[in-house]
Amino acid sequence: MATLHSSSCLLFTSPTSTHHPPPSLSPTSRLSLYSASTSTSASSHSFSLSISPSFLTRPKSSRRLSLSSFKVKAIAADKKKVLIVNTNSGGHAVIGFYFAKELLGSGHEVTIMTVGEESSDKMKKPPFNRFSEIVGAGGKTVWGDPTEIGKVLEGVTFDVVLDNNGKDLDAVRPVADWAKSSGVKQFLFISSAGIYKSTEEPPHVEGDVVKADAGHVGVEKYISEIFSSWASFRPQYMTGSGNNKDCEEWFFDRIVRGRPVPIPGSGMQLTNISHVRDLSSMLTLAVENSSAASGNIFNCVSDRAVTLDGMAKLCAKAAGLPVEIVHYDPKAVGVDAKKAFPFRNMHFYAEPRAAKDILGWQPSTNLPEDLKERYEEYVKIGRDKKPMKFEVDDKILESLKVPVAV
Amino acid sequence: MARLVLHHKQPSFSLLPASSLSDFHATRFTSTSFQYKRKVWQPKGGLRVTALSSKKILIMGGTRFIGLFLSRLLVKEGHEVTLFTRGKAPITQQLPGETDTDYADFSSKILHLKGDRKDYDFVKTSLSARGFDVVYDINGREAEEVEPILDALPKLEQYIYCSSAGVYLKSDLLPHFETDAVDPKSRHKGKLETESLLESRDVNYTSIRPVYIYGPLNYNPVEEWFFHRLKAGRPIPIPNSGIQITQLGHVKDLATAFIKVLGNEKASKQVFNISGDKYVTFAGLAKACAKAAGFPEPEIIHYNPKEFDFGKKKAFPFRDQHFFASVDKAKSVLGWKPEFDLVGGLADSYNLDFGRGTFRKEADFFTDDMILGKSLVLT
């Protein structure tokens, strides 16, 4: 079960929490400052300069916080009404699922609006086929078209909206405009680390140049203009139960069948594969520390990258099986790199520096351990026994038997 | 004893101007990616640190590279600094770009204790006779070298050790964090054993793990290796794919980190990775060197090292693997941050050293010619 990262619990060790915090400071924001400072061995004063001026001038009625309660629920003294507009397919679909459950676990109100129709075939796949978990936790699920969001959610108001659907302004504008007009205070957007311009000086850090024509860039610009409290999250690849898109499964499929794993290029390419619970915890921190998060871009990834070869090896280790890695040049073989392999054939490596610095967030992804769990589920659902074809693989392996002319 | 009362300035965190809030490209996160400017690092004006009472400081080594910059910073802060060296190299040398006045001032203040650190009896007696508050161990390699120092100085306030990120166990999961597994069999195991000794002796120690250090007066041919080839108009031979990722840290940023940990409670019994804020691929580094020095973009030749027997010669200055470490801990705990970006730092090195006609090792293109010779045969 996704929970808020433990650094938030350290809020209660701050002496100011026993009494009313100074009225001139928003309690959630101020305490998040100290939670940031007590995570790992960060020094408190090093964060004081990075918080926006606005947080200091926003008075909030002081609240009594129980020192004895370390429960996550008590932190969210500010209960929020959150709307998640969720894509109905693809790698990002699972983000909304985890985020909804984590928010509900923290005592917030959650509605998740999935694009399309409840009766569509897409809803038979994870995470949608597990939406009863959201309902069971007190959340609401609706379906609809984002361009008609006003009708779908008629009469309902929210404090926070997360758009986990649109890849360009055409898709997001209707949601953003409706949110603005209906008084939504905080607008969050799931963007993509894919918009960073490729570099020979990794990693991608927040503030680095992005591809100007990327759809997500247009969205980030727009929401920054119309919302005073906004944040954008740029994820990469995810692993986790309920994923709508294959990640580690691609490796398991081959390893468990004793097939070679064809990896394009040198296999040294680095990428970020994060457990989706980390994305969820980052988003939740942003909701609960909205003034700290405001106006920022966050790379929504864990703080470790893995090589492509390394991922194959870790999957094999998780399965307790050997692996044979074969490298190839997609162009030379004549295959479409995107269809042949689930990850980009290049360094694709971002670090979550803003989240660590500004939100005091810490990742928990531990690929070696997480992949063991993933493998258990892989076997449990019987996918290891499922008959499969590997046409592209076969083409690659066939071509590699041909001697390469010097 | 001289003591300086200095302005407290936190160079590492600065608020972006309010106008930047409306620019969605800018974030409130103070990333050094904004600061791609050439920095002129001056010990006199550019660095202000919290006032610390003057200490009696011993530097083991200190006559070349890191020590040159570190010793100047310490003297400027008003500490009494002694260099322990065999006296083989001159105790002081004027740095390129250093004014005569500054150099004279520094030379007049720096002290020298002549001896061989491997002569443990001498180390023990000479150090205990003088007494020191703080030791910076810049050239220590083996744990046994540290013991006589600790024995001689029971009231030592802090032992600051220059270790190495080379101690990390090679991994497919990167970057290296200070908590990562270390390799007891690595070439740098002496450094590891030294860290363990310091931990076990219950002394207040701080260990710094740099990655590849670069900057003016580097005696390890890192940037110099590229500059020689660029100057000669030769292609740059890079092993395998060239996408291996490494990391360079400017010597002046390293010196600043060494200052940051001095007398710092938060550094007590802590290990810190210190290097550049961003990493770089081998191919990217070749291009960055060219850019910094004003050469045209180089031709890069890739080769398979397994096809050659280079004997004892090194065909490339970096280990043929990914090798980089996160400096997040130093940034968040110490408030340190690297001032130099890669191209800026390489330019600093070029302008103050190689570009003036100085270097440590003569150009040697023997292995290059082996590689290029073979490539010619193939085409």
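Residues numbered from 1 in each chain as written. Chains lettered and ligands numbered in written order. Predicted model: local features only at pLDDT ≥ 70, side-chain atom pairs only at ≥ 80, totals over all residues. Heavy atoms only, no water.

Participant: I keep staring at the environment of R356 of chain B and nothing clicks. Help me out?
Facilitator: Residue and element names in this part refer to chain B. Mapped onto the elements, R356 comes out in the loop between α10 (342–352) and α11 (366–378). Sequence separation between R356 and P96 is 260 residues; the distance between their C-alpha atoms is 9.1 Å. If we skip the residues at most four places from it in the chain, R356 touches P96, G97, Y350 and N351. (Helix = DSSP H or I, 4+ residues; strand = E, 2+ residues; numbered from the N terminus. Contact = heavy atoms within 4.5 Å.)

Participant: What is the right way to read the nonpolar core from this model?
Facilitator: What tends to happen in soluble globular proteins is that the nonpolar side chains get buried as a cluster. Residues and elements named next belong to chain A. Of all hydrophobic cores here, the largest spans 41 residues; its most connected members are I84, F99, F233, M282, F298 and L359. In terms of residues, this core owes the most to one element, helix α6 (residues 93–105), which gives 9 residues. Residues within four places of M282 in sequence aside, it is in contact with F233, F298, N299, C300, V301, P352, A355, L359 and W361. (Core = buried A, V, L, I, M, F, W, Y, C linked by side-chain atoms within 4.5 Å. Buried < 20%, exposed > 50% of the residue type's maximum accessible area, 1.4 Å probe, protein only.)

Participant: What should I look at first to understand the confidence of the model for chain B in this one?
Facilitator: Residues and elements named next belong to chain B. For chain B, per-residue confidence averages 89 on the pLDDT scale, and residues scoring 70 or more make up 85% of the total. Low pLDDT, under 50, characterises residues 1–40; the predicted model gives this stretch 85 contacts beyond four residues in sequence or across chains. Scored as a whole, the predicted complex attains pTM 0.83, and scored at its interfaces, ipTM 0.83. (pLDDT = per-residue confidence, 0-100.)

Participant: Help me understand the sheet that holds strand β11 (residues 296–300) of chain A in this model?
Facilitator: Pairing between the strands of a sheet is mediated by backbone hydrogen bonds and can be parallel or antiparallel. Residues and elements named next belong to chain A. Pairing is parallel across the open sheet formed by 7 strands, whose spatial order is β3-β2-β1-β4-β5-β6-β11. Every interior strand has two partners, whereas the edge strands, β3 (140–144) and β11, have only one. Geometrically, the sheet is characterised by an average inter-axis angle of 20° between neighbouring strands, direction not taken into account. Here α6 sits on the sheet in contact with β1 (81–86), β2 (109–115), β4 (160–164), β5 (186–190) and β6 (229–235), set at roughly 165° to β1. (Pairing = 2+ DSSP bridges. Axes fitted to C-alpha atoms, helices over the stretch in contact; angles between N-to-C directions.)

Participant: What is the right way to look at helix α7 (residues 251–260) of chain B in this model?
Facilitator: For an α-helix the count is 3.6 residues per turn, leaving residues at separations of three or four pointing the same way. Of all the 10 residues making up α7 of chain B, 10 are buried; the element is thus mostly covered by neighbouring parts of the structure. Every buried residue of α7 of chain B is accounted for by V251, K252, D253, L254, A255, T256, A257, F258, I259 and K260 of chain B.

Participant: What should I look at first to understand the pairing of strand β8 (residues 261–264) of chain A in this one?
Facilitator: Every other side chain in a regular strand lies on the same face of the sheet, so the side chains alternate between the two faces. All names here are of chain A. Covered by surrounding structure in β8 are V261 and I263 together with P262 and P264, the residues of both alternating faces. For β8 and strand β13 (residues 325–328), the ladder comprises 4 bridges, and the chain directions are parallel. Across the sheet, P264 pairs through a bridge with Y328, a residue of β13.

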